[in-house]
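Close look at the chain arrangement
Chain residues, written in single-letter form:
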There are 4 protein chains.
Amino acid sequence: MAAPRIRLGMVGGGRGAFIGAVHRIASRIDDKYELVAGALSSNPENAKASADDLLIAPERSYASYEEMFNAEAAREDGIEAVAIVTPNHMHFPVAKAALAAGINVICDKPVTRTLEEALELEQLVNNSDCFFALTHNYSGYPLVRYAREMVERGDLGNIRLVQVEYPQEWLTEAQGDDNKQASWRTDPARSGAGGCLGDIGTHAFQLARFISGQKVSSVCADLTAFVPGRQVDDNVHVMMRFENGAKGMLWTSQVAPGCENGLKIRIYGDKAGLEWAQETPNELWLTPLFGHHQRITRRDDNIDSDIAARGIRIPQGHPEGYLEGFATVYSDIAEVLQAKRDGKTVDIQRWIPGIETGVEGLKFISAVIASSEADSRWTEL
Amino acid sequence: MAAPRIRLGMVGGGRGAFIGAVHRIASRIDDKYELVAGALSSNPENAKASADDLLIAPERSYASYEEMFNAEAAREDGIEAVAIVTPNHMHFPVAKAALAAGINVICDKPVTRTLEEALELEQLVNNSDCFFALTHNYSGYPLVRYAREMVERGDLGNIRLVQVEYPQEWLTEAQGDDNKQASWRTDPARSGAGGCLGDIGTHAFQLARFISGQKVSSVCADLTAFVPGRQVDDNVHVMMRFENGAKGMLWTSQVAPGCENGLKIRIYGDKAGLEWAQETPNELWLTPLFGHHQRITRRDDNIDSDIAARGIRIPQGHPEGYLEGFATVYSDIAEVLQAKRDGKTVDIQRWIPGIETGVEGLKFISAVIASSEADSRWTEL
Amino acid sequence: MAAPRIRLGMVGGGRGAFIGAVHRIASRIDDKYELVAGALSSNPENAKASADDLLIAPERSYASYEEMFNAEAAREDGIEAVAIVTPNHMHFPVAKAALAAGINVICDKPVTRTLEEALELEQLVNNSDCFFALTHNYSGYPLVRYAREMVERGDLGNIRLVQVEYPQEWLTEAQGDDNKQASWRTDPARSGAGGCLGDIGTHAFQLARFISGQKVSSVCADLTAFVPGRQVDDNVHVMMRFENGAKGMLWTSQVAPGCENGLKIRIYGDKAGLEWAQETPNELWLTPLFGHHQRITRRDDNIDSDIAARGIRIPQGHPEGYLEGFATVYSDIAEVLQAKRDGKTVDIQRWIPGIETGVEGLKFISAVIASSEADSRWTEL
Amino acid sequence: MAAPRIRLGMVGGGRGAFIGAVHRIASRIDDKYELVAGALSSNPENAKASADDLLIAPERSYASYEEMFNAEAAREDGIEAVAIVTPNHMHFPVAKAALAAGINVICDKPVTRTLEEALELEQLVNNSDCFFALTHNYSGYPLVRYAREMVERGDLGNIRLVQVEYPQEWLTEAQGDDNKQASWRTDPARSGAGGCLGDIGTHAFQLARFISGQKVSSVCADLTAFVPGRQVDDNVHVMMRFENGAKGMLWTSQVAPGCENGLKIRIYGDKAGLEWAQETPNELWLTPLFGHHQRITRRDDNIDSDIAARGIRIPQGHPEGYLEGFATVYSDIAEVLQAKRDGKTVDIQRWIPGIETGVEGLKFISAVIASSEADSRWTEL
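Values in this document were obtained by computation on a predicted structure and should not be read as measured data.

Procedures and definitions
- Residues numbered from 1 in each chain as written.
- Chains lettered and ligands numbered in written order.
- Predicted model: local features only at pLDDT ≥ 70, side-chain atom pairs only at ≥ 80, totals over all residues.
- Heavy atoms only, no water.
- Helix = DSSP H or I, 4+ residues; strand = E, 2+ residues; numbered from the N terminus.
- Buried < 20%, exposed > 50% of the residue type's maximum accessible area, 1.4 Å probe, protein only.
- Contact = heavy atoms within 4.5 Å.
- Areas by Shrake-Rupley, 256 points an atom, 1.4 Å probe, with all protein chains shown as cover.
- Lys, Arg positive; Asp, Glu negative; His and termini not counted.
- Charge placed at Lys NZ, Arg CZ, Asp CG, Glu CD.
- Least-squares fit on C-alpha atoms with pLDDT ≥ 70 in both.
- Buried area = accessible area lost by both parts, 1.4 Å probe.
- Salt bridge = Lys/Arg side-chain N within 4 Å of Asp/Glu carboxyl O.
- Polar contact = N/O pair within 3.5 Å; in protein donor to acceptor, adjacent residues only side chain to side chain.
- Nonpolar A, V, L, I, M, F, W, Y, C, P; charged D, E, K, R; others polar.
- Pairing = 2+ DSSP bridges.
- Axes fitted to C-alpha atoms, helices over the stretch in contact; angles between N-to-C directions.
- Domains from an automatic or database assignment.
- 1 Å grid on protein atoms, 1.4 Å probe; cavity = no way out; pocket = protein on both sides within 12 Å on 5 of 7 lines; lining within 4 Å.
- Points joined across faces, edges and corners; volume = space filled by probe spheres on them.
- Expected span 1.5 Å × (residues − 1).

1. Some remarks on the overall build of chain A
Per the secondary structure count, chain A includes twelve helices and 14 strands. Considered along the principal axes of its C-alpha atoms, chain A spans approximately 65 × 55 × 40 Å. The 381 residues of chain A split such that 66% are buried. Partitioning the contacts of chain A with sequence separation of at least 6, the portion at a separation of at least 24 is 70%. Summing over all exposed atoms, chain A offers an accessible surface of approximately 12500 Å²; the carbon and sulfur share of this is 46%. Charge separation in chain A, taken as the distance between the mean sites of 38 positive and 53 negative side-chain charges, equals 3 Å.

2. Some details on the relation of the copies chain A and chain D
The operation relating the pair of chain copies consists of a rotation about an axis and a translation along that axis. Superposing chain A onto chain D requires a rotation of 180° together with a translation of 0.0 Å along the rotation axis, leaving an RMSD of 0.0 Å. Such a combination of rotation and displacement between the chain copies is what one expects of a two-fold axis. In terms of C-alpha distance to the rotation axis, chain A has Arg 377 of chain A as its closest residue, with the C-alpha 3.5 Å off the axis. Most of the interface of chain A is mirrored in chain D, where 100% of its interface residues are also at the interface.

3. Topic: the interface of chain C and chain A
On the chain A side, the residues contacting the 14 residues of chain C number 14 residues. Counting each side, the surface lost to burial between chain C and chain A is near 1200 Å², with a carbon and sulfur contribution of 49%. If you sort the residues of chain C by the area they bury against chain A, His 292, His 293 and Gln 294 of chain C come out on top, with a joint share of 49%. At the surface where chain C touches chain A, the tally comes to zero salt bridges. Between chain C and chain A we count four residue pairs in polar contact (both at pLDDT 80 or more) in total. Counting residues per element, the side of chain C that touches chain A draws most heavily on strand β13 (residues 293-298) of chain C, at six residues. Residues belonging to the side of chain C that touches chain A are distributed by class as follows: four nonpolar, six polar and four charged. As paired elements, strand β13 (residues 293-298) of chain A and β13 of chain C share five bridges and run antiparallel to each other. Its bridge partner lying in β13 of chain C, Thr 297 of chain A is registered against His 293 of chain C.

4. Some details on the pairing of strand β7 (residues 216-224) of chain D
Regular strands place side chains that alternate from one sheet face to the opposite one. Residue and element names in this part refer to chain D. Burial of β7 is extensive: eight of the nine residues sit out of reach of the surface. In terms of strand pairing, β7 meets strand β8 (residues 235-242) through eight bridges, oriented antiparallel. Paired with Val 216 across the bridge in β8 is Phe 242. Alignment of β7 against strand β14 (residues 379-380), held across two bridges, turns out to be antiparallel. When the bridges of β14 are listed, Ser 218 appears paired with Glu 380.

5. Overview of the pattern of salt bridges
All names here are of chain A. What the rule picks out here adds up to 124 salt bridges over all chains. As a salt-bridge pair, Asp 30 and Arg 313 come within 2.9 Å of each other at their nearest N and O atoms. Residue Asp 30 is located in the loop between α1 (19-29) and β2 (33-39), and its partner Arg 313 is located in the loop between α10 (306-309) and α11 (322-341); the two are separated by 283 residues in the primary sequence. Asp 199 is the salt-bridge partner of Arg 185, the closest N and O atoms lying 3.0 Å from each other. With Arg 185 in helix α7 (residues 180-185) and Asp 199 in helix α9 (residues 196-212), the pair connects residues that are 14 residues apart, well separated along the chain. An identical accessibility class is assigned to Arg 185 and Asp 199; each is buried.

6. Section: the sheet that holds strand β1 (residues 6-11) of chain B
Residue and element names in this part refer to chain B. Read from one edge of the open sheet, five strands run β2-β1-β3-β4-β5, paired in parallel fashion. One side of each edge strand has no neighbouring strand; the edge strands of this open sheet are β2 (33-39) and β5 (132-134). In this sheet, adjacent strand axes meet at a mean angle of 25° when their direction is disregarded. In the sheet, strand β4 (residues 104-107) pairs with β5 via three bridges, with the strands oriented parallel.

7. Description of the domain arrangement of chain A
Residue and element names in this part refer to chain A. As far as domains go, chain A holds domain 1 (6-130) and domain 2 (142-312 + 360-380). Each of domain 1 and domain 2 has a C-alpha centre, and the two are 27 Å apart. Between domain 1 and domain 2, the contact holds 16 residues from the first and 17 residues from the second. Summed over both partners, the interface of domain 1 with domain 2 buries about 1200 Å², with 61% contributed by carbon and sulfur atoms. On the domain 1 side of the contact with domain 2, Lys 109, Arg 113 and Leu 115 bury the most area, a combined 39% of that side's loss. For the pair domain 1 and domain 2, the number of links is one salt bridge.

8. Observations regarding empty space enclosed by the protein
One pass over the structure, following the stated rule, counts twelve cavities of 30 Å³ or more. Surrounding the second largest cavity, 14 residues form its lining, Gln 163 and Glu 165 of chain B together with Gln 163, Glu 165 and Arg 266 of chain C being those nearest its centre. Every element with two or more residues in the lining of the second largest cavity is listed here: β6 (159-167) and β9 (247-253) of chain B together with β6 (159-167), β9 (247-253) and β10 (264-269) of chain C. Taken together, the residues of the lining of the second largest cavity sort by class into seven nonpolar, two polar and five charged.

9. Quick look at helix α5 (residues 115-126) of chain D
With twelve residues, α5 of chain D ought to run about 16 Å at 1.5 Å a step, and its terminal C-alpha atoms sit 16 Å apart, in line with that. Buried-residue contacts for α5 of chain D involve α4 (91-100), β5 (132-134) and α12 (355-373) of chain D.

So, in structure tokens, the structure goes:
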């Protein structure tokens, strides 16, 4: 018999939310979870209606996360993990409470609203027995993992350049309060000091770190809020220097009309370059120096990489996308949690972004803001 | 409370199978089904092991489909629908038995092995109260539906040309018996007289029919088995004439190295053309006559089409793929079945391929084979 | 000192013509020709005005090609070659007269209006000392030549499939007489029996022959004139069988809205496939069987092929296009003609389409028309 | 009779040079020039051999530019314009001498080696009767001009973001002295203080300025020489601020393996974005805000823009490339020079980059170097 499904709770993700539904689909695709409890909204009516939508038993729909953790910790069949899909400012208190209740955490990014919170949370995680995963879902794409292996293997030579970008269009105009997504993301009290920076800049930063294996040492940044009245940045320009001497640029924007979800990375070593774009995730370019041939690697169920292959469900040419990449992260986490039931650990753990990735992300956010406020002075992370 | 999930059984789809797993993921994505019973393999050990893999209760894992239909029909909580994911030759007997037991049918394509069976099954469906769906999953892609609306609205003018193709590479070489997928697909006793023709040619044909709205009246075909010893075609060349005077070509192959799952369609009217390819399903081209501008429609959650929008789960730029398109077909079927519980019908039904699509597919197969055997004589459907 | 430029005359190509200007630019790009004489139009005023436009000395602007050949043959500095860029029906008489005058011929395609003329011209060429080149310019693209070398070298294995297409849009609607290009191309008296077939179908056929190295043995064709009142085909559907057992399809159309100049070829052997498209001529795909890597060869001045490299003027990433490909054919011809001055021959000759290519093209046209008229009966070439 | 061809001389461009041959082809494509004189190399033997290659009369092949200007100025049929295609450090003295001799100048970029020289040259040009053109050839692409018109017309709304890049690979490794191109381009005495910055950074800067219509006010830059021992930058990272409040990034590199000639620009206003890339020059994207449709404009001989249309020689789908764009700049200059013979001016003049563009380019180079040397301090132009 396959291992029983992970019993999952959720905080946030009620009607009108976006990322909660994504987490739920991701948890279902490989059938390793069942969603059995939720504190889906801070609004009790919404919480109840949302639980009904999801066929969660009424007695396991809770009015608050504190209540959920208390009740579930007391049940024999209580939740083993909680997915935190609230606005950013709630990540910290909810994660803290979950850890205190001995519940494993699957947290959306950025990990917290401030670097101080992130550092405190790092302590709490390290002092707990819980597993903590941060859903930097783009790391779940098979060809992103393949790219990381290419770099690790030295296919690119010594890394010199990292060019990463992530433009979107959806905040090009001022948003009314009726746009729930826009509303909290442009409110520093809920999103943190970084707007676009925290929302998607952290994804771009993490992807660069993940594939290149290189650490950013300092940044030179220029943040802008183009839309009148906006309290957080909506465009981010950053030059980067890496510990190994590499350099790079990061551009992310939410005011770039026509850009959909344009996360794209290019890395160049002294032997070859690579290129991958989230909107065409099933192909990865390798461009060797002075080779008049370029190579496109396709997501392929027979691909020559174990780590890539385990995230591939269907044959080549049958495109998998965003939800499947997210599902792979969820399934990796399930494997860790199922092993943890038996006191075991599994190798896949190193591929799952955790609290240290969250801390690095907040360091990046802090340094970028500091640099921009100091007229783009180079600022260490 | 949301409507309870559809209780689903499955015939076929045990370990080593391909399409069964796809159906299961597709059924889970929108959480409208629960898989509660199965006759997953004609091999009892495989059936049991497969049921264990899927966390199906041992008492609802059956040794045969007959047994399953009997037992489940007798349960209050018995299955409401069965997914038939066996090799082609079993579609007919299993579907027939399901209908006899009053169980709704979700059947993979081609609907049967012969046209005679398809016509008989059509009678059985029409004389039953059951809903019968044929999983021509490519119709589930939002932009395929958008394309159909474009044609219906007259954006292309009068349709003149339909060019459709579906090349793959995976049977380029002779396959040993250890390749389970290749084994039954190249055995006429199990796949039907058409090899590549039945396996993917029917998809290409159905897509052309679905988007263009035009009926093929006759075909002129040249079938080939390039691999020595192969008993069924592995390459299909067809010229087509349509009832409205349009003409077209259909090419499908399983011996085209480097072709992955290259289903692609182009339709031209006297005002504009359209183009869509399965491997880049999130974009659809409209090319107006003498317009130096071409238009790309992107899968976009705010798209101006209800039927397309209902198959879109996540925002623009977050790619959805094959599994999501398949899931949309499953969710549409669930909506029909949930309404049927209350004796209702729903509009979405017209977008779901059914038995008549299956019959058309077999007519196409028969006519193509007849034409090819008659030195490519034009042959009516 | 470089060899003196080839002294060139032109028949056709006056004001309002299209392909004449292309030939002139092609002849200038590598500076191996000077245009010194012309019979540019059958209309004397147009002929004179056109010669003035081109800075041709008035005394070398002739009222007819006969006059030109007589006068130029008598000059010490008379033309060494003539470019024939008239409507199709004039190719034969002009070429015949040029050969009779001992003038080398650079002729646009199709070589003549009928197969009989082509065969007669073949005799005349073979019995003359003149060089005869047919401007199948697409053979001039470096990557087309690279592709041919790939096939010759066996990179694809045994060739099984040849899929070629060439859709355009420009005759989608009925054309008035004021459209000079459309006017003669849709008049069988001037264009020959094939419309679209002769105009661009011959290009598609020649490209397939050139790259694949395979000869078509028979065709099964369906010609259509979609536009009411049109006297020649505007859409061509052909299935092909090759002498080596390969099969293929050829589609060409001039009623496909949004299609610009969509010549594209795909060839599959039992080891790999290749793909090249005229609208993106600077890249060539090689797709190996079961390779999850695909390879794109870029036009690159350091490319590993002499024959490709000699058609490349500028570094990689600096796109060359249609005119450069055409210019390469012209420069290859110039090399032959400059060697011929000294009684020498040069290897490049085998890469230049000549009269035998023209004859093959007319055989193809004839067989396609015969097949279509016989309800698509397979017809030998 | 068409106007006689412009009599052209050339300084530089002998055997082994690159850009001289490009200028010559560009001048020939539309047949508005004849190259009649040259000082093709500072090496007399190379100069003579090169002149012979080009069929320049021996008496008009000169040992130095001074000699050429003197001799040609004294001839009735002397050169009307000189193309300066030397290494950068010679642009200034040669242009100065040409102006002194009353000869129009067609100069490659960057206009001079230093800003001081550029400013002095500006005075000289303004005080002369000569026409001075700077061959920023990328402005000659039809769709670049179309893009500029789109911005001018307000199709994008208020411009907010300008992202431009120009990566190449060819200096990824240290170059020996035998690489003539690399040799002078990496020698500050000949190329100027900027390496990659001057060579291609100026192109990227000019393209951004040309299309956006916006002036850069200040830059924040990080220059790198990745290759050990290299005396000039080989990678350029710049953040930009524009006078109207827009911001941007510019990346250019010559150490990016696999990058060929990757000039690409994206501009975003508050209504729409545009995108154009030099390697696919025949298409231009317009991406409207919240439009699920994107628009691709194709180079099309019937395009709705006079300025674009005049640079288009052949129909849609027949790709034109780098040489044709360059030729358009040459032909525009010819039109100015032919009008100037009669004391007239022509509108096209505003589309031709001149000395003021050269000065802006040097201001950019100077500011970028100053910023980089000051630890990326924001520096005004």
